Each structure stands twice: as C-alpha cells, then as structure tokens.
Amino acid sequence: MIQAKGYAAQNVHEELKLWKFERRDVDAHDVQIEILYCGVCHTDVAQINNEWFPGLFPMIPGHEIVGRVVKVGDHVQKFKVGDLAGVGTFINSCGICEHCHSGLEVYCENGVIPTYNGVDKYQDGLPTYGGYSNTIVTKEPYALKIPAQLNLAATAPLLCAGITTYSPLKHWKVGKGHKLAVLGLGGLGHMAVKFAVALGAEVTILSTSPHKAADAKKLGAHHFVVASNPEEVEKVKNSFDFIVDTVSADHDFDFYLSFLKLDGIHICLGVPPKGLQIKNTLLTLQLGRKSIVGSAAGGIPETQEMLDFCAAHNITADIELIDIKDIHAAFDRMGKGDVKYRFVIDMATL
Ligand code: NAP
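Enquirer: Could you give me a rundown of the overall build of the protein chain, with the residues and numbers involved?
Expert: For the protein chain, the helix and strand inventory stands at 11 helices and 17 strands. The C-alpha atoms of the protein chain give a radius of gyration of 20 Å, which matches the 20 Å a tight globule of 350 residues would have. Considered along the principal axes of its C-alpha atoms, the protein chain spans approximately 60 × 40 × 40 Å. The proportion of buried residues among the 350 residues of the protein chain is 56%. Sequence separation of at least 24 residues holds for 67% of the intrachain contacts in the protein chain that already meet a minimum separation of 6. Accessible surface computed for the protein chain: about 14900 Å², of which carbon and sulfur atoms make up 52%.

Laid out in structure tokens, this is it:
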C-alpha cells in the first residue's frame with residue numbers, strides 16, 4: 001500500500017485535521033498522481049456536514065484535483081511519469097453499461113464511484129478519499145490530460161465547477177441568439193458566465209450580492225441584476241431562454257421561473273438543502289411551456305473536451321490560493337458567498 005496523508009473529518013461536523021492513511025498500490029491500469037492543487041467545492045462542505053445523506057467517515061473531501069504523474073502501471077498508454085493530470089468528481093464506474101459506453105460515466109447505470117465519500121465496489125471495495133491529500137491513485141481512463149499552457153492552480157476548479165457548467169450548456173446547445181441568466185455568482189456561477197459568453201450567449205448575472213456587480217464586466221457578462229431589487233427584476237421578467245441555477249441555499253424557484261420566457265429552461269445545478277420547492281409547479285410550467293431540468297458534472301470525454309476548450313479560449317477559474325490550515329476559514333467565507341470565485345488549496349502546504 002502507498003502511505004498517504006490528507007486533511008480528514010473523522011466524523012460528521014468535525015474539523016478537518018491531518019490524517020495518515022493508505023492508497024492502493026499502482027496496478028497495471030493505474031496512474032498515481034502527486035496532488036499539487038485541489039479546488040474547494042460547496043459540495044465538500046455539504047458532504048462533511050451530511051447535508052445530502054449520511055457520509056462515510058473519516059472523509060477526505062476534494063474532487064477538483066490537478067497534479068503530476070509519479071507512477072504508471074504497465075498497461076497505461078495515455079500518461080507517462082512527469083505528465084500533468086487531473087481527477088474530477090468520480091474515479092470509477094462499471095465500464096459496461098450503455099452510459100459508460102457512451103462516455104457518460106457520471107450517469108453510470110450501476111453507480112458511479114465518487115472521488116471521495118464512496119466505496120470503490122468495482123476495484124477493491126475500499127473507501128475513496130479525495131484531493132485534500134498529497135497523492136491519489138486512479139485507473140487511467142478516469143484521469144484527465146491537463147493542457148500545459150493553463151495556470152495549473154486555476155485549472156483545478158475546471159474538474160468540477162468547469163465541467164458541471166460546460167456540460168449542460170453544450171447539452172442544451174446554448175449559443176448565439178440565446179439570453180441566459182446565471183443565478184448565483186460563486187464557483188460554478190462564474191464558470192457558467194465564462195462558458196456561456198464564450199459560446200456566444202447574451203449573459204445576465206442574477207445575484208443576491210450587489211457588491212459583485214463590479215466583477216460582472218470583468219467576467220464577460222453583459223448585464224448584472226440584483227435579485228432583491230424589484231425594479232431591476234421587473235425589467236428581466238419573461239426574458240431568458242435559460243437560467244443556470246448554481247445556488248447552494250434554499251431559494252424561491254417560483255420567483256426565478258417567472259424570469260423565463262416561453263419554452264424557457266431552468267437548469268438546476270445547485271443542491272439546496274430542501275431541494276426543489278415549488279408552490280404552483282404545474283401552472284408555473286404549463287402557462288409558459290417551461291422546463292426544469294438537472295445535470296451532474298459530465299463524462300470523461302466531455303471533461304477532456306472542456307479542458308481543451310479552456311486551453312483554446314484561455315479560460316480558467318478566478319481563484320484565491322489558500323494554505324490548507326485555512327480551510328475552515330475558507331468554508332466559513334464560502335457559506336457567506338464571500339469567495340472570488342473559487343478557493344484552491346496549495347497542497348505543498350499540507
Ligand atoms: P458557491 O461557490 O458557494 O456559490 C453559491 C452561490 O449561490 C453564492 O456565491 C451566492 O451567489 C449564491 N447564494 C448563496 N446563498 C443564496 C441564497 N440564499 N439565495 C440566492 N443565492 C444564494 O458554491 P459552488 O461550489 O458554486 O456550488 C453551488 C452549488 O452547486 C452547491 O449546492 C453545490 O453542492 C452544487 N454542485 C452541484 C454539482 C452538480 O453536479 N450538479 C457539482 C458541483 C457543485 P450570489 O452571492 O451571487 O447570490
């Protein structure tokens with residue numbers, strides 16, 4: 001076994017602390033990556049607090065991982081020692097179902113294996129531990145090639161915030177002529193803005209934080225609307241083809257659905273604690289032929305496509321690089337919507 005170290009919560013609600021643990025040895029189809037940077041996703045906070053379901057503890061969060069390959073198995077073809085590599089939200093899937101065959105591993109019919117807070121039933125039956133750690137071992141097909149020209153730390157968030165926003169924009173063919181609103185300007189939100197602008201849409205940021213207006217232009221957005229300002233809101237009612245909803249807290253879906261025009265699509269990416277709360281669902285949807293849809297990260301081929309798209313368009317995340325000892329201060333600030341726009345841990349500080 002490989003001796004590893006990471007920041008783990010030993011139990012729900014407990015602080016993350018240094019913890020020594022073991023990773024499996026590299027087998028013929030594996031790559032071992034020395035983790036250099038790991039992004040901090042709101043999902044990490046949700047999972048260490050059991051917000052969605054009872055977690056598996058000790059838990060090492062982190063699924064926005066970039067680093068350098070330090071060892072490869074005999075059958076590995078895509079990577080050699082010294083290459084940059086990334087790992088996103090999952091590290092295995094059944095590999096035999098229809099979805100896995102179509103490169104949609106994240107929707108694996110037999111259950112995708114999350115990068116942390118899961119058990120790798122297809123490999124060794126051991127718990128999975130995430131990227132707030134010094135090293136990770138994964139099967140070659142689940143590792144991503146990282147374009148060398150991008151800033152490495154700012155590339156880490158692409159492995160979750162990036163693909164989670166890129167994938168639905170591509171699926172629903174967002175582009176020129178579309179009016180799109182990004183609801184919530186955080187880690188996912190700011191990536192959604194960058195991608196939607198790059199794809200040619202007219203982009204409005206719908207935010208609860210007036211002070212973020214100053215960044216709207218810098219991020220490429222065309223408009224900024226404060227969701228609590230009735231005058232501003234009135235102007236954008238019935239106007240959007242799409243809302244990309246990245247809000248992590250409970251919010252009023254009826255209110256935001258009224259911003260969609262006929263045939264508009266509300267794309268739910270955020271996971272608020274109480275889920276989808278709609279008072280007049282059917283009428284709201286029927287009287288505008290509207291849809292509410294969801295989307296989860298993306299498959300491996302599309303994640304690679306997204307990374308290559310980012311290289312071609314010089315897109316990375318806007319980040320605040322932190323020392324791992326400051327992780328709880330980062331969680332607190334994230335809870336207050338006070339991040340510009342993704343914390344990334346410098347793993348050299350572990
Ligand atoms: P984040 O950086 O904390 O951003 C969330 C944003 O939501 C905040 O910046 C804030 O933006 C807005 N917000 C917060 N409280 C709000 C409220 N009460 N009303 C309205 N807006 C509020 O979080 P993130 O990492 O981007 O993640 C966002 C959500 O996506 C989380 O629930 C996360 O678990 C989920 N997620 C889903 C997937 C998936 O596969 N679907 C993948 C990754 C993450 P403003 O200040 O601009 O209002």
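Enquirer: Requested: an account of the pairing of strand 14 (residues 260–268), with residues and values cited.
Expert: Strand direction decides the pairing type here: strand 13 (residues 240–245) and strand 14, joined by 5 bridges, are parallel. Bridged to Asp-245 within strand 14 is Cys-268. Judged from the 4 bridges that link them, strand 14 and strand 15 (residues 291–294) form a sheet pairing that is parallel. Within the sheet, the bridge partner assigned to Cys-268 lies in strand 15 and is Gly-294.

Enquirer: Mind laying out the site of the ligand, listing which residues take part and the relevant values?
Expert: Close to the ligand lie 27 residues; His-42, Ser-207, Thr-208, Ser-209 and Arg-342 are nearest. Within the contact set of the ligand, an oxygen atom lies 2.6 Å away from a side-chain nitrogen or oxygen of His-42. One of the backbone N or O atoms of Leu-185 is found 2.7 Å from an oxygen atom in the ligand. Compared with its free state, where it exposes 920 Å², the ligand has 88% of that area covered by protein.

Enquirer: Account for helix 5 (residues 187–198), with residues named and values stated.
Expert: In this model helix 5 runs 17 Å from its N-terminal to its C-terminal C-alpha over 12 residues, within 8% of the 16 Å that 1.5 Å per residue would give. For helix 5, a buried count of 10 out of 12 residues is recorded, marking the element as mostly surrounded by other parts of the structure. For helix 5, the set of buried residues is Gly-187, Leu-188, Gly-189, His-190, Met-191, Ala-192, Val-193, Lys-194, Phe-195 and Ala-196. Of the residues one or two after helix 5, Gly-200 is the one with positive phi, at around 100 degrees.

Rules used throughout
Residues numbered from 1 in each chain as written. Predicted model: local features only at pLDDT ≥ 70, side-chain atom pairs only at ≥ 80, totals over all residues. Heavy atoms only, no water. Helix = DSSP H or I, 4+ residues; strand = E, 2+ residues; numbered from the N terminus. Rg over C-alpha atoms; globule rule 2.2 N^0.38 Å. Buried < 20%, exposed > 50% of the residue type's maximum accessible area, 1.4 Å probe, protein only. Contact = heavy atoms within 4.5 Å. Areas by Shrake-Rupley, 256 points an atom, 1.4 Å probe, with all protein chains shown as cover. Pairing = 2+ DSSP bridges. Near = heavy atom within 4 Å. Polar contact = N/O pair within 3.5 Å; in protein donor to acceptor, adjacent residues only side chain to side chain. Expected span 1.5 Å × (residues − 1).

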